[in-house]
Protein chains: 2
Amino acid sequence: MANEPLILVSNDDGITAPGIKVLVECVKKLGKVVVVAPDSPQSGMGHAITINKPLRLVEVDLFGEEVLAYQCSGTPADCVKLAVDKVLHRQPDLLVSGINHGSNSSINILYSGTMSAAMEGAIEGMKAVGFSLMDYSYEADFTMAAHVVDVVAAAVLKNGLPADTLLNVNIPKVDELKGIKVCRQARAKWKEDFDERIDPYKRKYYWLTGKFVQMDHGEDTDEWALGHGSASVVPVQFDLTAHHAMGSINSWDLNEKI
Amino acid sequence: MANEPLILVSNDDGITAPGIKVLVECVKKLGKVVVVAPDSPQSGMGHAITINKPLRLVEVDLFGEEVLAYQCSGTPADCVKLAVDKVLHRQPDLLVSGINHGSNSSINILYSGTMSAAMEGAIEGMKAVGFSLMDYSYEADFTMAAHVVDVVAAAVLKNGLPADTLLNVNIPKVDELKGIKVCRQARAKWKEDFDERIDPYKRKYYWLTGKFVQMDHGEDTDEWALGHGSASVVPVQFDLTAHHAMGSINSWDLNEKI
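Predicted model only: the values in this text are computed from it and were never measured. Think of each chain on its own: its residues are numbered from 1, step by step along the sequence as written. Written order determines the labels here, with chains lettered from A and ligands numbered from 1. Given that the model is predicted, a residue must reach a pLDDT of at least 70 before its local features are reported, and side-chain atom pairs must reach 80 or more before they are shown or counted; all residues, however, enter totals for whole chains, interfaces and linings. In computing side-chain values, all of the structure's heavy atoms are included and hydrogens and water are not.

Novice: Explain the overall build of chain A to me, using residue names and the numbers behind them.
Specialist: A count of helices and strands for chain A gives 6 helices and 13 strands. In this treatment the radius of gyration is a C-alpha quantity, and the globule benchmark scales as 2.2 Å times the residue count to the 0.38 power. Relative to the compact-globule value of 18 Å for 258 residues, chain A shows a C-alpha radius of gyration of 20 Å, a close match. For the C-alpha atoms alone, the extent of chain A along its principal axes is close to 60 × 55 × 50 Å. Each residue's exposure class comes from its accessible area (1.4 Å probe, protein chains only) as a fraction of the maximum for that residue type: buried when under 20%, exposed when over 50%, partly exposed otherwise. Classification of the 258 residues of chain A by burial places 60% in the buried group. Pairs at least 24 apart in sequence give 76% of the contacts found in chain A among residues at least 6 apart. Asp and Glu are treated as the negative residues and Lys and Arg as the positive ones, with His and the ends of the chain left uncounted. One atom stands in for each charge, and that atom is NZ of Lys, CZ of Arg, CG of Asp or CD of Glu. Charged side chains of chain A number 24 positive and 34 negative; the gap between the two group centres comes to 4 Å. Working definition: helices are DSSP H or I runs of at least four residues, strands are E runs of at least two. Numbering for both runs from the N terminus. We call two residues contacting when some pair of their heavy atoms lies within 4.5 Å.

What follows is the structure in structure tokens.
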């Protein structure tokens, strides 16, 4: 079909992860699907790009005949950049990233490769959505998550998105979904607790572990929605300016010291 | 001195880069300095964290006796997390990151390891500032940049910063600085132009290159300030919620489809 929507799919768990397979199946119903995803897991890569080594891009047959798919040796952001420059011949109508194995709610968005693929798409002017299921298991049940993808992806294709805005969609691990709630990012952080070990050569090494600390008691946050059985939809921007802080910093009169 | 400020220093160009040496010299005048920085260049790492392999942390003597310094095998965000959990015994009074060899203005903040170290500090509740000089050369002249560090770091120690806010400071490559301007992040992007090559085994590979595209004609942006000879100071937040977009997305009635 000449006018069918063109849909770019990526993720950060790697092109062989179960979550991206579910996502491809969902959006195949909406248009022509092209996949460009990492050839290995890239969780926690944030918005990293690869500048000190070259990238590989290899066509693979993983999603059936109708789906053009490439694995890339880079980060999720690299995948989207390569898709734009080397794979797609026009701007896609939608970019979806995921379905991530594990939550990307609240502060986790900053560390998330799934969301960096979506954000890179939004920077390129695409309508972009990242989907994450709150279940790290590779055997996770994606039935409910697939239903949320169906509803949100169709709504974004139909309604568009405000300029320079993407969506961060998280789906709780529940048997029955209460609903889909538009939320703000909860204020939270990870309290580090590195696991210190000694290697066979008597040298210390550290594994990053930590505890998620919620500092936000609002009922309008993604954490609240997820904790109460709803999927969360957070509209996200990549203008990081803290506009509300400009007045106080202007009062410092920095120029008097120059 | 028991009550002197405790200052954490990191960067993304690596602990041996000239820029971090200049930064340490600047802030040594303000208090007790502790350095935790990557053992190799980490440019473009965005807010990546290391979860699939363990980290090393090794004490080094690079900045003289008074400065406790560690090199870390991880990303800039890892460095700050390790500093908090394993090196520092109290919350530092200031975190400074850089001085980066190259600009982190506008959209570059998203890809920047320098700024991710500062942002990780801000998430931890520290007063945090990232400094970048618009000169990629290792032989860059940091005289002007050091002056800006002196002024801004002292002002942050004196005035504090609004909650959950950090500063992105960029310094132009000019002989005489016009001033220091508090700005918003300019709307811009990189237009990808991957350099496609063939390896000795006849397989394609790609180097990421691109062209910076300014899409913002405002005179209140970091790009404008830098282009007119001023240093730019952008207050930055890590709540990425696009609050202005919530109304339109709420109008979609997503729950009717669940």
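Structure shown, so let's carry the discussion forward.
Novice: I'd like a description of the relation of the copies chain A and chain B, backed by residues and values.
Specialist: Mapping between the two copies of the chain is achieved by a rotation about an axis and a shift along the axis. What sets the superposition is a least-squares fit of C-alpha atoms, and only residues with pLDDT of at least 70 in both copies go into it. Rotating chain A by 180° and translating it 0.0 Å along the rotation axis places it on chain B, where the RMSD comes to 0.0 Å. Here the transformation between the copies is reduced to the relation of a two-fold axis. The residues that chain A uses at the interface reappear at the interface of chain B in 100% of cases, marking a shared surface.

Novice: How would you summarise the sheet that holds strand β5 (residues 94-101) of chain A if you had to cite specific residues and measurements?
Specialist: Residues and elements named next belong to chain A. Strand order across the open sheet formed by 9 strands is β3-β4-β2-β1-β5-β6-β7-β13-β8, with mixed pairing between neighbours. With one partner strand each, in any of the chains shown, β3 (57-60) and β8 (179-182) form the two edges of the open sheet. Taken pair by pair, the neighbouring strands of this sheet meet at an average axis angle of 20°, ignoring direction. When DSSP finds two or more bridges between a pair of strands, those strands are recorded as paired. Pairing of β5 with strand β6 (residues 128-133) involves 5 bridges; the strand directions are parallel. In the sheet register, His101 faces β6, and the bridge partner there is Leu133. Axis angles are defined between N-to-C directions and span 0 to 180 degrees, where every axis is a line fitted to C-alpha atoms and, for a helix, only to the segment in contact. Sheet strands in contact with helix α2 (residues 76-87) are β1 (6-10), β2 (32-38), β3, β4 (68-72) and β5, and its direction is about 135° off that of β2. Sheet strands in contact with helix α3 (residues 113-123) are β1, β5, β6, β7 (165-171) and β13 (230-237), and its direction is about 170° off that of β6.

Novice: Account for helix α1 (residues 18-28) of chain B, naming residues and giving values.
Specialist: Since the α-helix turns once every 3.6 residues, residues separated by three or four places project in the same direction. Residue and element names in this part refer to chain B. Restricting attention to buried positions, one finds in α1 the residues Gly19, Ile20, Leu23, Val24, Cys26 and Val27. One side of α1 holds all its buried residues, which, seen down the axis, span an arc of 160°. Its buried side turned inward, α1 meets β1 (6-10), β2 (32-38), β5 (94-101), β6 (128-133) and α4 (143-159). An arc is given here, and it is the one of the directions from the helix axis to the C-beta atoms.

Novice: Got a sec to walk through the nonpolar core? Specific residues and values, please.
Specialist: In this structure, Val36 and Leu166 of chain A together with Val36 and Leu166 of chain B are the most contacted members of the largest nonpolar core, which totals 78 residues. Beyond its immediate chain neighbours, meaning those up to four positions away, Leu166 of chain B contacts Met115, Ala118, Met119, Ala122, Ala128, Leu161, Val234, Pro235, Val236 and Phe238 of chain B. Definition of nonpolar core: a set of buried residues of the types Ala, Val, Leu, Ile, Met, Phe, Trp, Tyr and Cys, connected through side-chain atoms within 4.5 Å.

Novice: How would you explain the interface of chain A and chain B if you had to name every residue and give the values?
Specialist: The interface of chain A with chain B comprises 85 residues on the first partner and 85 residues on the second. Simply put, the buried area is the total loss of 1.4 Å probe accessible area from both parts when two parts are fitted together. The contact between chain A and chain B buries some 7,800 Å² in all, and 64% of this surface belongs to carbon and sulfur atoms. Interface area lost by chain A to chain B is led by Tyr206, Leu240 and Trp252 of chain A, which between them contribute 9%. Take a side-chain nitrogen of Lys or Arg and a carboxyl oxygen of Asp or Glu: if they are within 4 Å of each other, that pair is a salt bridge. For the interface between chain A and chain B, the tally reads 10 salt bridges. Between Asp164 of chain B and Arg187 of chain A there is a salt bridge, with its nearest N and O atoms 2.5 Å apart. The term polar contact refers here to a pair of N or O atoms within 3.5 Å; inside protein, the definition further demands a hydrogen-donor-capable atom paired with an acceptor-capable atom, and it admits residues adjacent in sequence only when both atoms are side-chain atoms. At the junction of chain A with chain B, the criterion picks out 32 residue pairs in polar contact (both at pLDDT 80 or more).

Novice: Residues and numbers for the packing of helix α2 (residues 76-87) of chain B against helix α3 (residues 113-123) of chain B, please.
Specialist: Residue and element names in this part refer to chain B. For the pair α2 and α3, the least separation of the axes is 7 Å and the interaxial angle reads 30°. Looking at the two axes, α2 sits roughly parallel to α3. The chirality of how α2 crosses α3 is right-handed. In this structure, α2 uses Pro76, Ala77, Val80 and Lys81 to contact α3, whose residues at the interface are Gly113, Ser116, Ala117, Glu120 and Gly121. Should an angle fall under 35 degrees it is called roughly parallel, over 145 degrees roughly antiparallel, and 65 to 115 degrees roughly perpendicular, with every other angle called oblique. Working rule for handedness: look at the near helix, and if it is turned counterclockwise from the far one by less than a right angle, call the crossing left-handed; if clockwise, right-handed.

Novice: Lay out empty space enclosed by the protein in plain terms, naming residues and giving numbers.
Specialist: Cavity and pocket criteria rest on a 1 Å grid covering protein atoms alone: a 1.4 Å probe that fits but cannot get out defines a cavity, protein on both sides within 12 Å along at least 5 of 7 lines defines an open pocket, and an atom within 4 Å of a point defines a lining residue. Grid points are joined across faces, edges and corners, and a volume is the space filled by probe spheres set on the points. Under the definition given, this model contains 1 cavity of 30 Å³ or more. Taken as a whole, the largest cavity encloses approximately 210 Å³ of empty space. For the largest cavity, the lining is made up of 18 residues, of which His47 and Leu110 of chain A together with His47, Leu110 and Met119 of chain B are closest to its centre. Of all elements in the fold, only α3 of chain A together with α3 of chain B reach the threshold of two or more residues within the lining of the largest cavity. Looking at side-chain class alone, the lining of the largest cavity contains 10 nonpolar, 8 polar and no charged residues. For this classification, the nonpolar set comprises Ala, Val, Leu, Ile, Met, Phe, Trp, Tyr, Cys and Pro, the charged set comprises Asp, Glu, Lys and Arg, and every other residue, Gly included, is treated as polar.

Novice: If you had to explain unusual backbone geometry to someone new, which residues and values would you point to?
Specialist: For the bond running from Gly98 of chain A to Ile99 of chain A, omega is -15°, close enough to zero to count as cis. Along the chain, Ile99 of chain A turns up in strand β5. One non-glycine residue, Ser106 of chain A, lies in positive phi territory at about 50°. Structurally, the position occupied by Ser106 of chain A is in the loop between β5 and α3. In this structure Ser106 of chain A comes out as buried when scored by relative accessible area, which is 0%. Its identity is not glycine, yet Asp253 of chain B carries a phi of approximately 55°, on the positive side. Considering the arrangement of structural elements, one finds Asp253 of chain B in the segment after α6 (246-250). Residue classification places Asp253 of chain B among the partly exposed residues on the basis of a relative accessible area of 38%.

Novice: Tell me about the sheet that holds β2 of chain B, and name the residues and values.
Specialist: All names here are of chain B. Taken together, 9 strands build an open sheet; the order of strands is β3-β4-β2-β1-β5-β6-β7-β13-β8 and the sheet is mixed. Looking along the sheet, the strands with just one partner apiece sit at the ends: β3 (57-60) and β8 (179-182). In this sheet, neighbouring strand axes are inclined to one another by 20° on average, regardless of whether the strands run parallel or antiparallel. Strands in contact with α1 are β1, β2, β5 and β6; relative to β5, the strand with the most contacts, it is inclined by about 145°.

Novice: Tell me about the pattern of salt bridges, and please be specific about residues and values.
Specialist: The full count for this structure, using the stated rule, is 32 salt bridges over all chains. Put simply, Arg197 of chain B and Asp195 of chain B hold a salt bridge, and the shortest N to O gap is 3.0 Å. For Asp195 of chain B, a relative accessible area of 29% gives the class partly exposed. Here the salt bridges share partners, and the residues they tie into one network are Glu25, Lys28 and Glu66 of chain A.

Just geometry here; none of it tells us what the structure is for.
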